[in-house]
Structures are given as structure tokens and as C-alpha cells.
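Report on the structure
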Amino acid sequence: MTLNETIARLRAGHLMVRDAREWDALAAELRTAYENNDDELVEQLRPPFVQSWRTVTRYVLRDMFDAADIEVTEPGHRWGIATLTGNGTSLEPLLCLAGPSDEDAIDATDVLGRQLFTFEETMAHYADCLTPLFAKQVA
């Protein structure tokens, strides 16, 4: 399986579950809850939002990743979708732009620059993470 085929199937798999507007609406609702400091709403929205992305990657797209010889494991980052390992490299696509000292921060849009991605931004970031997993190893 090629990188372009994998990216196309990745996109199709996520769009099979929700269209781009629905993914964006979920992110916008969560972003608004953070901006309004509504901790109760954040705790209500964040887990299912993140888990939706993780479930599609881990279960709906399992065969695709297997065919591409990419191992999918649990993410290490609280906004991570999965840890993807292939070709001797591991990367973790995120659902946000992480700030420079993001390890313990929880705000979605804070002064460190973290911002939840739109569907298109998430797909672009995902593709960037997949690219090195397909790079040919030089002996």
C-alpha cells in the first residue's frame, strides 16, 4: 500500500463515521467550552471527541494500517489519536497544535498556542505523520 492510498483511505474512514462538518462542529463545541471555562462541559465533550478519533483509527482502519505494515498503539499525548509505528519510526498525530510546554496543560486554546484542529487540519497533520513511516530505509 502506498502513502497516497493510505491517506485516501484514512480520510474515507473518518468521513464514513462523520462528515467533515460534523467533525468540525464537535471540535468547535469543545473549543467553545474551553474558551468559556466550562469545565463540566469540557469533561462531558472531550472524552467522546478524542475517543471517536481513536476508535476510527484503531478499529475501523485496522486492516488498512496492517496492509501498510504500520502498528497502531495507544497514544501518549492527551490529544493524541494513536502512536503509529512503521519503518523504524514512531509518530503520534494530534488533534491540536501543541504548545512548547504542553506536557501538563489542559486548555485547548491557551497562551502557549495550542488550538484544536479542524478536520482538514487534522488530516493534513495525520498525513505529515504518515509520510516518514513510508520513507525507504537507506542501508
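Whatever comes next refers back to the structure up there.
**Quick notes on the packing of aromatic side chains**
A complete count under the given rule lists three aromatic pairs for this structure. Arranged with centres 4.3 Å apart and planes meeting at 40 degrees, the rings of Trp23 and Trp53 form a pair that is tilted. In this pair, Trp23 is assigned in helix α2 (residues 20-35) and Trp53 in helix α3 (residues 39-60), connecting sequence segments 30 residues apart. Like Trp23, the residue Trp53 is buried in the burial classification. Following the ring pairs from residue to residue traces out a cluster consisting of Trp23, Trp53 and Phe119.

**Thoughts on the environment of Leu94**
Tracing the chain through its elements places Leu94 in the loop between β3 (89-91) and β4 (96-97). Judged by relative accessible area, which is 12%, Leu94 ranks as buried. With residues near it in sequence (within four places) discarded, Leu94 still touches His77, Trp79, Gly80, Ile81, Phe117, Thr122 and His125.

**Considerations on the sheet that holds strand β2 (residues 83-86)**
Taken in spatial order, the three strands of this open sheet run β1-β2-β3, and their pairing is antiparallel. Bordering the open sheet on either side are β1 (71-73) and β3, each of which pairs with just one other strand. Between one strand and the next, the sheet's axes are offset by a mean angle of 20 degrees, whatever the strand orientation. Pairing of β1 with β2, which is carried by three bridges, proceeds in the antiparallel orientation. Paired with Glu71 across the strands is Thr85, a residue of β2.

Scoring rules and cut-offs
Residues numbered from 1 in each chain as written. Predicted model: local features only at pLDDT ≥ 70, side-chain atom pairs only at ≥ 80, totals over all residues. Heavy atoms only, no water. Phe/Tyr/Trp six-rings, centres within 6.5 Å; stacked < 30°, edge-to-face > 60°. Helix = DSSP H or I, 4+ residues; strand = E, 2+ residues; numbered from the N terminus. Buried < 20%, exposed > 50% of the residue type's maximum accessible area, 1.4 Å probe, protein only. Contact = heavy atoms within 4.5 Å. Pairing = 2+ DSSP bridges. Axes fitted to C-alpha atoms, helices over the stretch in contact; angles between N-to-C directions.

So yeah, pure geometry; function would need other evidence.
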